[in-house]
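Understanding the architecture of this molecule
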Amino acid sequence: FKEVNATDALIVIRYFTGLAQFDSLQTLAGDVNNDAIVNSTDALQIVRRFTGTINSFTKPDWIFLPQTINLSLTQNMNLSIKAIITGDVNKSYSP
């Protein structure tokens, strides 16, 4: 799983210790064990996935930013959907 790496784990540790700030999407991506807290356990899981000692996180591989959508049947709408790969807190993945 090359979309996340040790750099992401380091950034998670920096966030946990107060040395980095996350936006809402990064917070969702950083919580790889899905316990509602981004901490050193998440950093360890990222390293374990990067090194191949685990094959998946508790969360799915893609995270989508939740949002409420009000649809109108009488007009066209553009919708921007924000997504990130679980664990990719530095947002380095580019398809």
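For the structure itself, look to the data block above.
Pairs of aromatic rings are described using the distance from one ring centre to the other and the angle between the two planes. For the structure on display, the rule yields two aromatic pairs. Aromatic side chains Tyr 15 and Phe 22 sit 4.1 Å apart centroid to centroid with 5° between the ring planes, which places their arrangement in the stacked category. Taking the centre distance of 5.8 Å and the plane angle of 75° together, the rings of Trp 62 and Tyr 93 count as edge-to-face. Highlighted residues: Trp 62 in strand β1 (residues 62-64) and Tyr 93 in the segment after β2 (83-85), separated in sequence by 31 residues. Tyr 93 gets classed as partly exposed once you look at its relative accessible area, which sits at 34%. We note Arg 49 situated over the ring of Phe 57; from NZ or CZ to the ring centre the distance is 4.9 Å.

For helix α1 (residues 6-16), the full list of buried residues reads Asp 8, Ala 9 and Val 12. An end-on view of α1 places all buried positions within 100° of arc, on one side of the element. Of the surrounding secondary structure, the elements contacted by the buried residues of α1 are α2 (24-30) and α3 (40-51). Two or three places before Thr 7, at the start of α1, stands the capping residue Asn 5, its side-chain oxygen 2.9 Å from that residue's backbone nitrogen. Once α1 finishes, Gly 18 follows within two positions and takes phi at roughly 85°, a positive value.

What counts, and where the lines are drawn
- Residues numbered from 1 in each chain as written.
- Predicted model: local features only at pLDDT ≥ 70, side-chain atom pairs only at ≥ 80, totals over all residues.
- Heavy atoms only, no water.
- Phe/Tyr/Trp six-rings, centres within 6.5 Å; stacked < 30°, edge-to-face > 60°.
- Helix = DSSP H or I, 4+ residues; strand = E, 2+ residues; numbered from the N terminus.
- Buried < 20%, exposed > 50% of the residue type's maximum accessible area, 1.4 Å probe, protein only.
- Lys NZ or Arg CZ within 6 Å of the ring centre and 35° of its normal.
- Arc of directions from axis to C-beta.
- Contact = heavy atoms within 4.5 Å.
- Polar contact = N/O pair within 3.5 Å; in protein donor to acceptor, adjacent residues only side chain to side chain.

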